[in-house]
Amino acid sequence: MKITIKGQVTIPQNLRQRHRLLPHTEVVFESVAGGVLLRPAAEGHAAVGERLDASTGRASVAITTDDILRMTRGED
């Protein structure tokens, strides 16, 4: 298999099917020891999980759940 002048290569059908690389699938190229890794880009649940992992932590303001509920319900 050769890379075309435009830098394109055909992924064999059996690999596309096995790894669910459907037409219009976003992919990511990563440099790894000994070569290049091609994998599907994070989508759907995986992307949501990554964003949630990045946003986890603790609030620095001392407020109770009851206080939050009162504020969101418009209670004084």
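Residues numbered from 1 in each chain as written. Predicted model: local features only at pLDDT ≥ 70, side-chain atom pairs only at ≥ 80, totals over all residues. Heavy atoms only, no water.

Below, the discussion takes up the layout of surface pockets. Computed from the structure, the largest pocket encloses a volume of approximately 330 Å³. For the largest pocket, the lining is made up of 16 residues, of which Val 9, Ile 11, Leu 21, Phe 29 and Leu 38 are closest to its centre. Elements that contribute at least two residues to the lining of the largest pocket include exactly strand S1 (27-32) and strand S2 (35-40). At three residues, the largest contribution of residues to the lining of the largest pocket is made by S2. (1 Å grid on protein atoms, 1.4 Å probe; cavity = no way out; pocket = protein on both sides within 12 Å on 5 of 7 lines; lining within 4 Å. Points joined across faces, edges and corners; volume = space filled by probe spheres on them. Helix = DSSP H or I, 4+ residues; strand = E, 2+ residues; numbered from the N terminus.)

Together, Val 27, Phe 29, Val 36 and Leu 38 line one region of the surface with nonpolar side chains, adding up to about 370 Å² of accessible area. For the nonpolar patch, the elements supplying multiple residues, two or more each, are S1 and S2. Relative to the helices and strands, Val 27 is located in strand S1. Look at Val 27 and you get partly exposed, because its relative accessible area is 33%. (Patch = residues over 30% accessible without salt bridge, like charges linked within 9 Å, V, L, I, M, F, W, Y side chains within 5 Å. Areas by Shrake-Rupley, 256 points an atom, 1.4 Å probe, with all protein chains shown as cover. Salt bridge = Lys/Arg side-chain N within 4 Å of Asp/Glu carboxyl O. Buried < 20%, exposed > 50% of the residue type's maximum accessible area, 1.4 Å probe, protein only.)

Examined bridge by bridge, S1 and S2 share six bridges and lie antiparallel to one another. Each residue of the ladder has a partner; that of Phe 29, found in S2, is Leu 38. A loop of two residues connects S1 with S2, the two strands running antiparallel in sequence, and Gly 34 in this loop sits at a positive phi of about 85 degrees. (Pairing = 2+ DSSP bridges.)

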